[in-house]
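Read off the chains here:
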Amino acid sequence: MTLAIFDLDNTLLAGDSDHAWGEFLVEESIVDAEEYRQANDRFYQEYLNGELDIMHYLSFALQPLARHDMKQLLTWREQFVEKKIRPMMQASATELLDSHRDQGHTLLIITATNRFVTEPVAELLGIEHLIATEPELVNGRYTGEVAGIPSFQDGKVSRLHDWLESTGESLDGAWFYSDSHNDAPLLRKVENPVAVDPDPTLESIAKENGWKIMSLRG
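First things first, this report covers the structure right here in the doc. (Residues numbered from 1 in each chain as written. Predicted model: local features only at pLDDT ≥ 70, side-chain atom pairs only at ≥ 80, totals over all residues. Heavy atoms only, no water.)

### Focus on the overall build of the protein chain
Applicable threshold: Helix and strand labels come from DSSP, where a helix needs a run of H or I of at least four residues and a strand needs a run of E of at least two; each type is numbered from the N terminus. Atoms counted for the radius of gyration: C-alpha only. Globule rule: 2.2 Å times residue count to the power 0.38. Throughout this description, buried means an accessible area under 20% of the type-specific maximum (1.4 Å probe, protein chains only), exposed means over 50%, and partly exposed covers the range between. By definition in these notes, contact holds between two residues if any of their heavy atoms fall within 4.5 Å. Areas reported as accessible are Shrake-Rupley estimates using a 1.4 Å probe. Residue values count occlusion only from the protein chains shown. Charge counting treats Lys and Arg as positive and Asp and Glu as negative, with His and both chain ends excluded. Charge positions come from single atoms, namely NZ of Lys, CZ of Arg, CG of Asp or CD of Glu.
Broken down by element type, the protein chain carries 11 helices and seven strands. Taking 17 Å as the expected radius of gyration for a compact globule of 218 residues, we find that the protein chain reaches 17 Å, a close match to that expectation. Its C-alpha atoms give the protein chain principal-axis dimensions of about 45 × 35 × 30 Å. Counting every position in the protein chain, which comprises 218 residues, the buried fraction comes to 52%. The long-range fraction of contacts in the protein chain, counting pairs at least 24 apart against all pairs at least 6 apart in sequence, stands at 59%. Roughly 10,200 Å² of accessible area belongs to the protein chain as shown, and the carbon and sulfur atoms make up 45% of that amount. In the protein chain, which carries 18 positive and 38 negative side-chain charges, the distance between the mean positions of the two groups comes to 3 Å.

### As for the pairing of strand S3 (residues 129-138)
To be explicit about the condition: The rule for pairing is simple: two strands pair if DSSP sees at least two bridges between them. A crossover counts as right-handed when, viewed with the strands pointing away from the observer, the path leading from the first strand over the helix to the second turns clockwise.
Pairing of strand S2 (residues 106-114) with S3, which is carried by five bridges, proceeds in the parallel orientation. Each bridged residue has a counterpart across the sheet, and for Asn-114 the counterpart in S3 is Thr-133. Tracing the backbone out of S2, into helix H8 (residues 115-124) and back to the parallel element S3 gives a crossover that is right-handed. The hairpin turn running from S3 into strand S4 (residues 141-147), its antiparallel successor, is two residues long, and Asn-139 in that turn takes a positive phi close to 55 degrees.

### Structural notes on the sheet that holds S3
To be explicit about the condition: Every axis in this analysis is a line fitted to C-alpha atoms, fitted for helices over the stretch in contact. Angles between the N-to-C directions lie between 0 and 180 degrees.
Strand order in this open sheet of seven strands is S4-S3-S2-S1-S5-S6-S7, and the pairing throughout is mixed. With one partner strand each, in any of the chains shown, S4 and strand S7 (212-214) form the two edges of the open sheet. Averaged over all adjacent pairs, the angle separating strand axes in this sheet is 30 degrees, with direction ignored. Against the sheet, helix H7 (residues 91-102) engages strand S1 (3-6), S2, strand S5 (175-178) and S7, with an angle of about 165 degrees to S1. Strands S2, S3 and S4 of the sheet are contacted by H8, whose axis makes an angle of about 145 degrees with S3.

### As for H7
Note the following rule: Take the residue count of a helix, subtract one, and multiply by 1.5 Å to get its expected span. Relevant arc is that of directions from the helix axis to the C-beta atoms, nothing else.
In this model H7 runs 16 Å from its N-terminal to its C-terminal C-alpha over 12 residues, within 8% of the 16 Å that 1.5 Å per residue would give. Among all positions in H7, only Ala-93, Leu-96, Leu-97 and His-100 are buried. The buried residues of H7 all sit within an arc of 95 degrees when viewed along its axis, so they share a single face. For H7, the exposed residues set more than 90 degrees away from the buried face come down to Ala-91, Glu-95 and Asp-102. For H7, the elements touching its buried residues are S1, helix H1 (8-12), S2, S5 and S7. Backbone geometry just after H7 places Gly-104 at a positive phi near 80 degrees.

What follows is the structure, given as structure tokens:
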């Protein structure tokens, strides 16, 4: 099966689910508003700049999961999906996914955002396979730590390699769609790299390498 691999934030979604989760926590007074918003915005800018220390960020981002029980977290997540995620959904992204389904391709999302936030988004998009950063879960409760390698930058390549070995899939003829220069390592690994509404750095890389550039924002 040919793989069609998709970044999630600012690619399939018209926005960043990880940053939006932080905004939701602030708006619902689940975290200290001013302190959390400033940190959330600072980390997001570092991500855009290609300067993000992923482990430093995750030590911040996963703490709210560790402070609350799963029942409460799931209730908040349902509200988050309705308030923040559905407005980010794009008809053009659905059309792109359907075009790959019609060709019999296997669809896979690979994202640096953690699984707690992204799993319901993958379900909304009808995508079974998801590689996401894994928050550590012990006895049904999040610890605030990361399990394994975060799927960020070269970590996406490593995590995808592990997934390919476990599933028997291959990268022969594979596609990968992303908006971010942080995904350049994986874009270089596939036969069909596509820059989707790319940031300026990725746009330059795509032009230099002759990669396809497209927009889902219309």
